[in-house]
Every structure is written in structure tokens, then in C-alpha cells.
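# Structural features, examined
Here is what each chain is made of, one letter per residue.
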Amino acid sequence: DAKTTQPPSMDCAEGRAANLPCNHSTISGNEYVYWYRQIHSQGPQYIIHGLKNNETNEMASLIITEDRKSSTLILPHATLRDTAVYYCIVRPFSSGSARQLTFGSGTQLTVLP
Amino acid sequence: DAGVIQSPRHEVTEMGQEVTLRCKPISGHNSLFWYRQTMMRGLELLIYFNNNVPIDDSGMPEDRFSAKMPNASFSTLKIQPSEPRDSAVYFCASSPGRKETQYFGPGTRLLVL
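In short, a report on the structure. (Residues numbered from 1 in each chain as written. Chains lettered and ligands numbered in written order. Predicted model: local features only at pLDDT ≥ 70, side-chain atom pairs only at ≥ 80, totals over all residues. Heavy atoms only, no water.)

### With respect to the packing of aromatic side chains
Counting across every chain of the model gives 11 aromatic pairs over all chains. For the ring pair tyrosine 36 of chain A and phenylalanine 103 of chain A, a centre distance of 6.1 Å and an interplane angle of 75° mean the geometry is edge-to-face. One end of the pair, tyrosine 36 of chain A, is in strand E3 (residues 31-38); the other, phenylalanine 103 of chain A, is in the loop between strand E8 (84-92) and strand E9 (107-112), with 67 residues separating them in the sequence. Residue classification places tyrosine 36 of chain A among the buried positions, given a relative accessible area of 0%. The class for phenylalanine 103 of chain A is buried, based on a relative accessible area of 9%. With a centroid separation of 5.9 Å and an interplanar angle of 85°, the aromatic rings of phenylalanine 103 of chain A and tyrosine 35 of chain B are classed as edge-to-face. Note that phenylalanine 103 of chain A is positioned in the loop between E8 and E9 and tyrosine 35 of chain B in strand E4 (residues 31-38), a pairing that runs across two chains. Given a relative accessible area of 0%, tyrosine 35 of chain B falls into the buried group. Through a chain of ring-to-ring contacts, three or more aromatic side chains come together here, namely Tyr36, Tyr46, Tyr87 and Phe103 of chain A together with Phe33, Tyr35, Tyr48, Phe91 and Phe104 of chain B. (Phe/Tyr/Trp six-rings, centres within 6.5 Å; stacked < 30°, edge-to-face > 60°. Helix = DSSP H or I, 4+ residues; strand = E, 2+ residues; numbered from the N terminus. Buried < 20%, exposed > 50% of the residue type's maximum accessible area, 1.4 Å probe, protein only.)

### A look at the pattern of salt bridges
All names here are of chain A. Considering all chains together, one arrives at nine salt bridges over all chains under this definition. Here arginine 37 and aspartate 82 are joined by a salt bridge, their closest N and O atoms 2.8 Å apart. Of the two residues, arginine 37 sits in strand E3 while aspartate 82 sits in the loop between strand E7 (70-75) and E8, which places them 45 residues apart along the sequence. Pair check on accessibility: arginine 37 and aspartate 82 agree, each one buried. (Salt bridge = Lys/Arg side-chain N within 4 Å of Asp/Glu carboxyl O.)

### Quick notes on the layout of surface pockets
Each pocket or cavity is described by its volume, and for the largest pocket that value is around 490 Å³. Around the largest pocket, the lining is made up of 19 residues, and of these Gln38, Val85 and Tyr87 of chain A together with Gln37 and Met39 of chain B lie nearest the centre. At the level of elements, E8 of chain A together with E4 and strand E9 (88-95) of chain B are the ones that each hand at least two residues to the lining of the largest pocket. Counting residues per element, the lining of the largest pocket draws most heavily on E8 of chain A, at three residues. (1 Å grid on protein atoms, 1.4 Å probe; cavity = no way out; pocket = protein on both sides within 12 Å on 5 of 7 lines; lining within 4 Å. Points joined across faces, edges and corners; volume = space filled by probe spheres on them.)

### A few points about the sheet that holds strand E1 (residues 9-13) of chain A
Residue and element names in this part refer to chain A. Reading across from one edge, E1-E9-E8-E3-E4 is the order of the five strands in this open sheet, with mixed pairing throughout. Strands with a single pairing partner mark the edges of an open sheet, and in this sheet they are E1 and strand E4 (45-50). For this sheet the average axis-to-axis angle between neighbouring strands, irrespective of direction, equals 25°. Looking at chain direction, E1 and E9 are connected through five bridges and run parallel. (Pairing = 2+ DSSP bridges. Axes fitted to C-alpha atoms, helices over the stretch in contact; angles between N-to-C directions.)

### Comments concerning the environment of glutamate 44 of chain B
Residue and element names in this part refer to chain B. Along the chain, the position of glutamate 44 falls in strand E5 (residues 42-50). Given the relative accessible area of 17%, glutamate 44 is considered buried. When the C-alpha atoms of glutamate 44 and tyrosine 90 are compared, they prove to be 9.5 Å apart, with 46 residues separating the residues in sequence. Excluding anything up to four places from it in sequence, glutamate 44 contacts Trp34, Tyr35 and Arg36. At a separation of 2.7 Å, a polar atom in the side chain of glutamate 44 contacts the side chain of arginine 41. (Contact = heavy atoms within 4.5 Å. Polar contact = N/O pair within 3.5 Å; in protein donor to acceptor, adjacent residues only side chain to side chain.)

And the structure:
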């Protein structure tokens, strides 16, 4: 699976957009970008994933650059409850059986009041 | 929707004792994953099952660890004998299989004295 690079920490003001970057310069054509987050003392939570088109759901938006070497997770209106470690994971999509996730060190996002 | 259920939520035991962690995946999910999280090593996959069959156990630390999935609604992770270095949070996750999203349980916090 392609390696990802994320900043270790970021701050964001409550109510503002949080933009979390991820570099995956060695991504290959069949690999998707996944984002999970882990709120303190809880299990990781799926946020969003995408291949090359931008994606949006009720939680966040995912912007993937045209060359697919980097992406940005956007939380449009961050709240204090969004304080968590955010993991960017790159891996092939399997149409058959499921595969494991390989977690890096992630980005600690702190939303400030 | 009950989500992934893990028990116990907390376990304190003495070195040398047997520890059994339990997981009930989301109904209808056919893939199950066991992860371990420590400050030093982050989140690591231990083993995962597809349709109750172990697929990859290369992350299991040593022979003291064993995992079973006797049916689609139950899995156990056993440590015998336990050691202080096994202290960690153990997460179970399940997935619908053909989709890649994994749903994590709340974890079991294990402390081996």
C-alpha cells in the first residue's frame, strides 16, 4: 500500500473549515484514498473515501488533486466534537474479500473554542 | 443499530493469567478484524477473518495469541499467558466484505500487571 504523509498536528477555530492535507506521492492507479478519525478513547470512525473525483458526504468533503499525489479532507464547519486524530490511508479497492487497514500516525486536529 | 460490540470494556489481570476478549460484529457483515493500539506502535492489525475463516494472522505477536471465529456473530481473541507488554487497547472491526468501510467497536482496555 502507498505510504502517506500527514502533519502531526493542526488547530482550527470552531465554526471554521478544517482542511487536513495528506501526501501520497507514490499512489498507484488502483488505490483509493480513505479517511478515518479517532476521537479520544473511541474506536476509529470511517469518514469518506475516493479514487480521483472529489467526494462529499454528510461529514466531510474530499478533494484529490488531478495527479492524485495529494488530497485534502475538509470539515466545512468544525465543532469541538471534531477534535480527533485523522488518518489518511491509501490502499487498493478490493471487489472481493475485505482487506486490512494500515494506520499511520495521523494528524491530531484540535478545534479551539 | 447496535454496532460492533466488544466485551469486556476494561480488563485488569495479572501476568500469567489467561485473557479472553470477545467481539460481536454487525449483523450481515462477513469480515472481522482484530487491531491493537499502543502509544508506541499505534494501531496494528493482528488478524482478520472473511466468512469466519482466518485470512491473515501475520500480525499476531506470538503463539501466546490466538483468535477464533466459530460463527458469523462471534469472535474471541485469547492471550495465554498474558504479559505486561500486552497491555493495550484491543479493537474489533467488521465490514460488509465487498465494501471497504470498516466499523470499529469501542475497544477493550487491557492492563496486565
